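Next come the chains, spelled out residue by residue.
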Amino acid sequence: MTLKKSKDIRELCYPFIYERSPLCDHEIITDELCTTLGGAIYELEGDERFKDIYDFLCELQPKIFHLNASIRGKQAIFEEQIEWLAGYFDRYQQEIAGRIKGFVLPRGPRPVQLLHSCRSLSKKAIRAMVLVDAEGIEVPDVLHRFANMLCNLFFRLTVVINGRLGIMEPEYVSKSYKSKSPSKLKQESAKKVV
């Protein structure tokens with residue numbers, strides 16, 4: 001049986017909810033991203049330690065809805081938005097320079113948790129764009145680049161917030177992949193110096 005739209009508008013949450021294309025999935029994921037980001041903004045509001053982050057996220061949030069509609073509708077994310085985002089990326093990367101040397105366990109207060117969720121939702125949005133593209137629907141190149149940078153920037157913001165609060169993320173060493181933990185790398189380089 002094929003599910004069909006109800007004729008009662010009260011029973012239809014989104015005009016494209018029944019389409020089979022992953023484009024609708026992209027739109028739902030980016031909607032969730034925008035909502036989750038709104039929660040992080042709320043959590044940071046009024047805390048002077050994070051005013052710069054709060055102001056940045058307030059300016060970013062509408063761009064998430066631009067990302068949402070830029071495939072089905074008129075494109076609203078362009079190279080200028082990537083350059084704008086890159087400026088914040090570089091700023092916050094500089095603040096955390098040398099702090100993270102490998103994988104960490106995502107921990108921290110509520111705004112950090114919400115930003116980690118935004119990071120994951122950015123990945124889901126990229127994956128949805130990959131599927132949309134695979135169906136032959138044109139995805140402007142700038143969109144997946146913007147979402148990739150968002151993902152990486154959200155991670156950096158979690159480290160910035162934790163750092164300003166004096167919280168250190170515990171390192172994570174995978175048992176599935178060959179990698180050396182930052183502490184083992186330090187031990188090995190100390191042995192080489194001796």
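Residues numbered from 1 in each chain as written. Predicted model: local features only at pLDDT ≥ 70, side-chain atom pairs only at ≥ 80, totals over all residues. Heavy atoms only, no water.

Remarks on the nonpolar core
The nonpolar side chains of soluble globular proteins are, as a tendency, buried together.
Line of reasoning, step 1. Counting residues in each nonpolar core, the largest one holds 48 residues, and the members touching the most others are Leu57, Leu60 and Phe154.
Line of reasoning, step 2. Of all the secondary-structure elements, those providing two or more residues to this core are helix H1 (22-44), helix H2 (51-69), helix H3 (79-95), helix H4 (110-134) and helix H5 (141-164).
Line of reasoning, step 3. In terms of residue count, the dominant contributor to this core is H5 (12 residues).
Line of reasoning, step 4. If we ignore the near neighbours within four places in the chain, the residues touching Leu60 are Leu37, Trp84, Leu85, Phe146, Leu150 and Phe154. (Core = buried A, V, L, I, M, F, W, Y, C linked by side-chain atoms within 4.5 Å. Buried < 20%, exposed > 50% of the residue type's maximum accessible area, 1.4 Å probe, protein only. Helix = DSSP H or I, 4+ residues; strand = E, 2+ residues; numbered from the N terminus. Contact = heavy atoms within 4.5 Å.)

Thoughts on the packing of aromatic side chains
The description of an aromatic ring pair rests on the distance of the ring centres and on the angle between the ring planes.
Line of reasoning, step 1. Per the counting criterion, the structure on display carries 5 aromatic pairs.
Line of reasoning, step 2. Between Phe56 and Trp84, the aromatic rings sit 5.4 Å apart at their centres with planes inclined by 40°, giving tilted as the arrangement. Within this pair, whereas Phe56 is found in helix H2, its partner Trp84 is found in helix H3, the two being separated by 28 residues in sequence.
Line of reasoning, step 3. Chaining the aromatic ring pairs together yields one cluster made of Phe56, Trp84, Tyr88 and Tyr92.
Line of reasoning, step 4. Looking at Arg72, its charged tip hangs above the ring of Phe16, at a distance of 3.5 Å from the centre. (Phe/Tyr/Trp six-rings, centres within 6.5 Å; stacked < 30°, edge-to-face > 60°. Lys NZ or Arg CZ within 6 Å of the ring centre and 35° of its normal.)

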